[in-house]
Amino acid sequence: MNEPGSPAQPSNADAARAVAGDRAAFVRLVNRTARLVLATILLDVHDPHQADDLTQETFLKAWRSIGTLNDPSRFNAWLIGIAKTVCIDAHRHANRKKRGTPGASPVRPLQRVESDPEDPTPGPLDLLSQADQRERLIEALKSLPAGQREVLSLRYLAGADYETIAKQLNLTDGALRGLLHRGLAEVRERFTCSTGVPPVPKRDPRRTMFNLDREP
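Let's shift gears to the packing of aromatic side chains. All told, the structure shown has 2 aromatic pairs when counted by the stated rule. Between the aromatic rings of F26 and W63, the centroid separation amounts to 5.1 Å while the plane-to-plane angle is 50°, which identifies the pairing as tilted. On the criterion of sequence distance, the pair formed by F26 in helix α2 (residues 23-45) and W63 in helix α3 (residues 48-64) is long-range, its members being 37 residues apart. In terms of burial, F26 and W63 fall into one category: buried. Residues F75 and W78 carry aromatic rings whose centres are separated by 5.8 Å and whose planes lie at 45° to one another, so their mutual orientation is tilted. Placement of both F75 and W78 in helix α4 (residues 75-100) is noted, with a separation of 3 residues, approximately one turn of the helix.

Looking now at unusual backbone geometry. Although it is not a glycine, H46 sits at a positive phi angle of roughly 70°. With respect to the secondary-structure elements, H46 resides in the loop between α2 and α3. The residue N170 is not glycine, and still its phi comes out positive at about 55°. Inspection of the secondary structure assignment puts N170 in the loop between α7 (162-169) and α8 (173-195).

This part takes up the packing of α2 against α7. Between α2 and α7, the shortest axis-to-axis distance is 9 Å and the interhelical angle comes to 105°. Classified by the angle between their axes, α2 and α7 sit roughly perpendicular to one another. Every residue of α7 that contacts α2 at N31, R32, T33, A34, R35 and L36 is listed here: T164, K167, Q168 and L169. Counted by class, the contact of α2 with α7 contains 3 nonpolar, 4 polar and 3 charged residues.

As a further point, take α3. Taking 1.5 Å per residue, 17 residues should reach 24 Å; α3 reaches 24 Å between its end C-alpha atoms and fits that length. For α3, the full list of buried residues reads Q50, A51, L54, T55, T58, F59, A62 and W63.

So, on to the pattern of salt bridges. The tally for this structure, following the rule as stated, stands at 6 salt bridges. The residue R17 makes a salt bridge to D14 at a minimum N-O spacing of 3.4 Å. Taken together, the residues span about one helical turn, with R17 and D14 both in helix α1 (residues 12-19) at a distance of 3 residues. Across the salt bridge formed by R92 and D89, the nearest N and O atoms sit 3.9 Å from each other. Of this pair, R92 and D89 both sit in helix α4, 3 residues apart, roughly one helical turn. Here the salt bridges do not stand alone but share partners, grouping D14, R17 and R28 into one network.

Moving on to α1. Among the residues of α1, those classed as buried are D14, A15 and A18. Across the axial projection of α1, the buried residues extend over an arc of 100°, all falling on one side.

Grouped together as the largest cluster of nonpolar side chains are 51 residues, with contacts concentrated most on F26, F75, V151 and L152. Of all the secondary-structure elements, those providing two or more residues to this core are α1, α2, α3, α4, α5 (131-142), α6 (146-157), α7 and α8. Counting residues per element, this core draws most heavily on α2, at 10 residues.

Looking now at the confidence of the model for the protein chain. Residues with a pLDDT of 70 or more make up 68% of the protein chain, whose mean pLDDT is 75. Mean pLDDT across the secondary structure elements of the protein chain bottoms out at α5, with 72, and peaks at α3, with 93. The low-confidence segment residues 103-117, where pLDDT is below 50, has 39 contacts with residues more than four positions distant or belonging to other chains.

Before going further, it helps to examine the side chain of H46. Residue H46 is classed as buried on the basis of its relative accessible area of 8%. For H46, the side chain forms a polar contact with the main-chain oxygen of L43, separated by 3.2 Å.

Conventions and cut-offs
Chains are numbered independently. Their residues run from 1 in the order of the written sequence. Owing to the predicted nature of the model, reporting of local features is limited to residues with pLDDT of at least 70; listing and counting of side-chain atom pairs is limited to 80 or more, with chain, interface and lining totals taken over all residues. To get the side-chain values, all heavy atoms of the structure are used, and hydrogens and water are removed first. Classification of ring pairs uses Phe, Tyr and Trp, with its six-membered ring standing for Trp, and accepts pairs whose centres are within 6.5 Å; under 30 degrees between planes counts as stacked, over 60 as edge-to-face, and the remaining range as tilted. Secondary structure follows DSSP: runs of H or I at least 4 residues long count as helices, runs of E at least 2 residues long count as strands, and numbering of each begins at the N terminus. Only protein chains enter the accessibility calculation, which uses a 1.4 Å probe. A residue is then buried if its area is under 20% of the maximum for its type, exposed if over 50%, and partly exposed in between. Simply put, an axis is a line fit to the C-alpha atoms, just over the touching stretch for a helix, and the angle between two N-to-C directions goes from 0 to 180 degrees. An angle below 35 degrees is read as roughly parallel, one above 145 as roughly antiparallel, one from 65 to 115 as roughly perpendicular, and any other as oblique. Contacts: residue pairs with any heavy atoms within 4.5 Å of one another. Here the nonpolar group is Ala, Val, Leu, Ile, Met, Phe, Trp, Tyr, Cys and Pro; Asp, Glu, Lys and Arg are the charged ones; every other residue, Gly included, is treated as polar. Given the number of residues in a helix, its expected span is that number minus one, multiplied by 1.5 Å. Salt bridges are counted wherever a side-chain nitrogen of Lys or Arg sits within 4 Å of a carboxyl oxygen of Asp or Glu. Note that the arc is defined by the directions from the helix axis to the C-beta atoms. For the purposes of this section, nonpolar cores are sets of buried Ala, Val, Leu, Ile, Met, Phe, Trp, Tyr and Cys residues that join through side-chain atoms within 4.5 Å. Each residue gets a pLDDT score, which is the predictor's confidence in that residue and runs from 0 to 100. Each polar contact in these results corresponds to two N or O atoms within 3.5 Å; when the atoms are within protein, one needs to be able to donate a hydrogen and the other to accept it, and residues that are neighboring in sequence are counted only if both atoms are side-chain atoms.

Structure representation (structure tokens):
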């Protein structure tokens, strides 16, 4: 059984079938892990559009090299490793392009993140108008323990609902909400410590990632 907050392992049978060349099995793995890969990449590139492209590239590379997966139970870790390599390659390519084009930026700035699909109030980044605040927020997410980071990234960066997160991370509803609540508190504290001020003014009545009036 997986520990709370650790990534759920996709079906070993599907992973084994995919290694043997079963495309349908690989598609099932893609459907199960797509949000997790997207959230992982978003933490690195900060741009939803680029993250979408790199997520597709990750799965293309994964399919082409699926035969190198020796342990089907390690599919998630193997896949995330590919995603991180894809991000590194993207940064290198962007840096080379930047050197050849004065004024170009290696990665586009973080764009607006979707609001919480289960809450009509603004999402965690909607009220952060300053680019440096957004970047500090991403860094705060990166510094969280793995379980909290995965839950918050899936929820607030990849836009996944509770059911999707619970399935991808193999969590009960209670464990999910506990990780989410603790993670939100940690992000708010770390953001405040790094900037000296809360990311959302206290006078703002809207409930956001940093303005918790109730349990998530």
